[in-house]
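Inside the fold
These are the residues of each chain, in order.
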Amino acid sequence: MNIKIVCVGKLKEKYFKDAIAEYQKRMSRFAKVEIVQVPDEKAPEKLSPAEMEQVKEVEGERILAKIKDKEYVYVLAIKGKQRASEEFAKEIKDLTTYGHSDLTFVIGGSLGTSPAVNKRADDLFSFGKLTMPHQLMRVVLMEQIYRAFMINTGSPYHK
Ligand SMILES: C[S@@+](CC[C@H](N)C(=O)[O-])C[C@H]1O[C@@H](n2cnc3c(N)ncnc32)[C@H](O)[C@@H]1O
């Protein structure tokens, strides 16, 4: 299975980079996990609603350019569908069974994702009602992907 995480902006903090590298290493026995970073647009604090939409649209075009038709796409969105880790693990197992070998996860920039990106989603995936910083979200997502694979192997990692 190929897993791709498309996200906006470069990770700056070393502790985030280290955490991502650790989960990529742990995941290597199950799947190749590729992190694709697209450039972020400058988003100063005083943007009008129209300017904010414009930022999301430009970042969205960059995100969509990294996604191929065959990929099954989860877009992470606060208002998406929540599920338990066990349900997510089963979904991954089922997707594999039904021939989806390319799973892509999209994390929006600081303002979120554009309507075009949300439209491309096969699934809008919420990790709860809390707003998380997009950089931290990468780490949380990596851990949940790793957890899903550990659940599917029956590992005691998941309690
Ligand atoms: C800082 S958040 C964007 C906040 C923006 N106001 C919104 O509603 O999307 C940046 C990105 O992190 C991801 N994210 C943050 N919190 C999330 C959550 N609770 N569930 C799913 N994704 C989340 C989403 O992909 C979001 O586009």
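Not measured: the values here are computed from a predicted model.

Thresholds, definitions, all that
- Along each chain, the written sequence defines residue order, and numbers are assigned to residues from 1.
- Where local features are concerned, this predicted model is filtered to residues with pLDDT of at least 70; where side-chain atom pairs are given and counted, the filter is 80 or more; whole-chain, interface and lining totals use all residues.
- Calculated side-chain values reflect all of the structure's heavy atoms, with hydrogen atoms and water omitted.
- Runs of H or I in DSSP of at least four residues are treated as helices and runs of E of at least two as strands, each being numbered from the N terminus.
- Think of it in three bands: residues with accessible area under 20% of the maximum for their type are buried, residues over 50% are exposed, and the middle band is partly exposed, with areas taken using a 1.4 Å probe on protein chains only.
- What makes two residues a contact is simply this: any of their non-hydrogen atoms within 4.5 Å.
- In this scheme, a helix's expected span is set at 1.5 Å multiplied by one less than its residue total.
- The pocket and cavity definitions rest on a 1 Å grid over protein atoms only: a 1.4 Å probe that fits but cannot leave marks a cavity, an open set with protein on both sides within 12 Å along at least five of seven lines marks a pocket, and residues lining either have an atom within 4 Å of a point.
- Grid points are joined across faces, edges and corners, and a volume is the space filled by probe spheres set on the points.
- Residue type decides the class: Asp, Glu, Lys and Arg count as charged, Ala, Val, Leu, Ile, Met, Phe, Trp, Tyr, Cys and Pro as nonpolar, and the leftover types, Gly among them, as polar.
- Lines fitted to C-alpha atoms define the axes, with helix axes restricted to the stretch in contact, and inter-axis angles between N-to-C directions lie between 0 and 180 degrees.
- The scheme is simple: roughly parallel for angles under 35 degrees, roughly antiparallel for over 145, roughly perpendicular for 65 to 115, oblique for anything else.
- Any residue with at least one heavy atom within 4 Å of a molecule or strand is counted as near it.
- Polar contacts, as used here, are pairs of N or O atoms within 3.5 Å; protein pairs need one atom able to donate a hydrogen and one able to accept it. Residues neighboring in sequence count only if both atoms are side-chain atoms.
- Residue exposure ignores everything except the shown protein chains as possible cover, and the areas themselves are Shrake-Rupley values with a 1.4 Å probe.
- In this scheme, a molecule is assigned to a cavity or pocket if more than half of its atoms are within 2 Å of the grid points.
- The rule is short: rings of Phe, Tyr and Trp, with Trp giving its six-membered ring, pair when the centres are within 6.5 Å, and they are stacked under 30 degrees, edge-to-face over 60, tilted in between.

1. Let's talk about the overall build of the chain
Along its length, the chain carries five helices and five strands. Reading the secondary structure of the chain in the N-to-C direction produces β-α-β-α-β-α-β-α-β-α. Seen through its C-alpha atoms, the chain measures out along the principal axes to roughly 50 × 35 × 25 Å. For the chain, buried positions account for 45% of its 159 residues. Put simply, of all contacts in the chain between residues at least 6 apart along the chain, 83% involve residues at least 24 apart.

2. Let's talk about helix α2 (residues 49-64)
Counted at 1.5 Å a residue, the expected span for α2 with its 16 residues is 22 Å, and the 22 Å between its end C-alpha atoms agrees. Of all the positions in α2, only Val55, Lys56, Val58, Glu59, Gly60 and Ile63 are classed as buried. Where α2 is buried, its residues touch β1 (2-8), β2 (32-38), β4 (102-107) and α4 (115-120).

3. A few points about the environment of Val8
With respect to the element layout, Val8 can be found in strand β1. With residues near it in sequence (within four places) discarded, Val8 still touches Val38, Pro39, Asp40, Glu59, Ile63, Ile107, Gly108, Gly109, His134 and Arg138.

4. Considering the layout of surface pockets
If you add up the space inside the largest pocket, you get close to 510 Å³. Lining the largest pocket we find 23 residues, and of these Leu76, Ala77, Ile78, Gly112 and Thr131 sit closest to its centre. Elements that contribute at least two residues to the lining of the largest pocket include exactly β3 (72-82), β5 (123-126) and α5 (134-152). For the lining of the largest pocket, the element with the highest residue contribution is β3, accounting for four residues. For the lining of the largest pocket, the per-class residue count stands at eleven nonpolar, ten polar and two charged.

5. Re the packing of helix α3 (residues 85-97) against α5
Relative orientation of the contacting elements α3 and α5 amounts to 75 degrees, with a least axis distance of 8 Å. Our classification of the angle between α3 and α5 gives roughly perpendicular. Of the residues in α5, those touching α3 at Ser85, Glu86, Phe88, Ala89, Lys90, Ile92 and Lys93 are Gln144, Ile145, Arg147, Ala148, Phe149, Ile151 and Asn152.

6. Considerations on the site of the ligand
Lining the immediate environment of the ligand, one finds 19 residues, of which Leu76, Phe127, Gly128, Leu130 and Met132 sit closest. Within the backbone of Phe127, a nitrogen or oxygen atom sits 2.8 Å from a nitrogen atom of the ligand. Leu130 is positioned with one of its backbone polar atoms (N or O) 2.6 Å from a nitrogen atom of the ligand. When the ligand is considered free in solution it has 560 Å² of accessible area, and contact with the protein chains removes 81% of it. Structurally, the ligand is housed in the largest pocket. Of all the secondary-structure elements, those providing two or more residues to the shell around the ligand are β3, β5 and α5. Ranked by residues supplied to the shell around the ligand, first place goes to β3 with three residues.

7. Concerning the packing of aromatic side chains
Applying the stated criterion to the full structure yields eleven aromatic pairs. With a centroid separation of 5.3 Å and an interplanar angle of 25 degrees, the aromatic rings of Phe30 and Phe149 are classed as stacked. Within this pair, whereas Phe30 is found in the loop between α1 (14-27) and β2, its partner Phe149 is found in helix α5, the two being separated by 119 residues in sequence. No difference in accessibility class separates Phe30 from Phe149, as the two residues are buried. Where Phe125 meets Phe127, the ring centres are 4.7 Å apart and the plane angle is 40 degrees; that geometry is what we call tilted.

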